[in-house]
Amino acid sequence: MAQYWLMKSEPSVYSIDDLARDGRTAWDGVRNFQARNFMRKMKVGDLVLFYHSNADPPAVAGIARVVREAYPDASSWNPKAHYYDPDSSPQNPRWDMVDVEFVEKLSNPVPLSTLKDTSGLENMLVTKRGRLSVQPVAKGEFEIVRKLGRKR
DNA sequence: GCCAACGTTGGC
DNA sequence: GCCAACGTTGGC
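Residues numbered from 1 in each chain as written. Chains lettered and ligands numbered in written order. Predicted model: local features only at pLDDT ≥ 70, side-chain atom pairs only at ≥ 80, totals over all residues. Heavy atoms only, no water.

### Thoughts on the protein's contact with DNA strand B
For step 1, the next point in the chain: Close contacts around DNA strand B come from Asn32, Phe33, Arg94, Arg129 and Arg131, and that covers them all.
For step 2, the next point in the chain: Among the atoms of DNA strand B close to the protein, meaning within 4 Å, 71% are from sugar or phosphate groups.
For step 3, the next point in the chain: Measuring from a phosphate oxygen of DNA strand B, one finds a backbone N or O atom of Phe33 at 3.3 Å.
For step 4, the next point in the chain: Within the side chain of Arg131, a nitrogen or oxygen atom sits 2.5 Å from a base oxygen of DNA strand B.
For step 5, the next point in the chain: Its residues assigned to classes, the surface near DNA strand B shows one nonpolar, one polar and three charged. (Near = heavy atom within 4 Å. Polar contact = N/O pair within 3.5 Å; in protein donor to acceptor, adjacent residues only side chain to side chain. Nonpolar A, V, L, I, M, F, W, Y, C, P; charged D, E, K, R; others polar.)

In structure tokens, the structure reads:
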């Protein structure tokens, strides 16, 4: 059974439009253990709410799908990479990433304020735990957000 | 740009 | 193993 997730990206770094253009991307740069552990649970076919953080307004901007399950994030042992971690190596990778593909851009992005105000979403982690960049979402929550996002 | 929240590191 | 210091996230 498919699971549901929310993943954050700053649109100035990588936006839903970038994903629409590229078709698919490797979700590298996650350097938080809890977020990494959630990525390790992802299965091909799982659906992802693509959330724009540090945006105006912060919002769920689109939907993506997992197309490759967790594998080592090579940028973690590249000294020139922004997210370089000296404790990670090819022999002993510390960080993983997944590949996701573009599914849809929401015609009506769902801002954080709406997530906070909508009945049925009061338990979403994104409204509580500001700093977790990869998090699980309940199926019902996913459906509500997708529906809101498709409204015009 | 500020700063609260909170995850991580490292001294002890 | 505690916890203070530090760094980062991310809303505002």
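### Re the protein's contact with DNA strand C
For step 1, the next point in the chain: Around DNA strand C lies a shell formed by Lys8, Tyr51, Ser53, Asn54, Pro58, Leu112, Lys116, Gly130, Arg131 and Leu132.
For step 2, the next point in the chain: Close to the protein, within 4 Å, the atoms of DNA strand C belong to sugar or phosphate groups at a rate of 68%.
For step 3, the next point in the chain: Within the side chain of Lys8, a nitrogen or oxygen atom sits 3.0 Å from a phosphate oxygen of DNA strand C.
For step 4, the next point in the chain: The contact in question runs from a phosphate oxygen of DNA strand C to an N or O atom on the backbone of Asn54, over 3.1 Å.
For step 5, the next point in the chain: Per-class residue counts for the surface near DNA strand C are four nonpolar, three polar and three charged.

### A look at the layout of surface pockets
For step 1, the next point in the chain: When its volume is computed, the largest pocket comes out at roughly 580 Å³.
For step 2, the next point in the chain: Every residue lining the largest pocket is counted, 18 residues in all, and those nearest its centre are Lys8, Ser9, Asp28, Gly29 and Tyr83.
For step 3, the next point in the chain: Within the residue set of the lining of the largest pocket, elements represented by two or more residues are β1 (4-9) and β2 (24-26).
For step 4, the next point in the chain: Residue composition of the lining of the largest pocket, grouped by class: six nonpolar, seven polar and five charged. (1 Å grid on protein atoms, 1.4 Å probe; cavity = no way out; pocket = protein on both sides within 12 Å on 5 of 7 lines; lining within 4 Å. Points joined across faces, edges and corners; volume = space filled by probe spheres on them. Helix = DSSP H or I, 4+ residues; strand = E, 2+ residues; numbered from the N terminus.)

### Some points on the pattern of salt bridges
Once the charged atoms of two side chains with opposite charge are near each other, the side chains can pair.
For step 1, the next point in the chain: In total, this model carries twelve salt bridges according to the counting rule given.
For step 2, the next point in the chain: Arg150 is the partner of Glu104 in a salt bridge, and the nearest nitrogen-oxygen pair spans 2.6 Å. In this pair, Glu104 sits in strand β5 (residues 96-111) while Arg150 sits in helix α4 (residues 139-150), placing the two residues 46 residues apart along the sequence.
For step 3, the next point in the chain: Using a relative accessible area of 45% as the deciding quantity, one classes Arg150 as partly exposed.
For step 4, the next point in the chain: When the shortest N-O distance is used, the salt bridge between Arg146 and Glu143 registers 2.7 Å. Linking Arg146 with Glu143, this pair stays in helix α4, spanning three residues, or about one helical turn.
For step 5, the next point in the chain: On the accessibility criterion, Glu143 (29% relative accessible area) is partly exposed.
For step 6, the next point in the chain: Linked by salt bridges that have partners in common, Asp18, Arg21 and Asp22 make up one network. (Salt bridge = Lys/Arg side-chain N within 4 Å of Asp/Glu carboxyl O. Buried < 20%, exposed > 50% of the residue type's maximum accessible area, 1.4 Å probe, protein only.)

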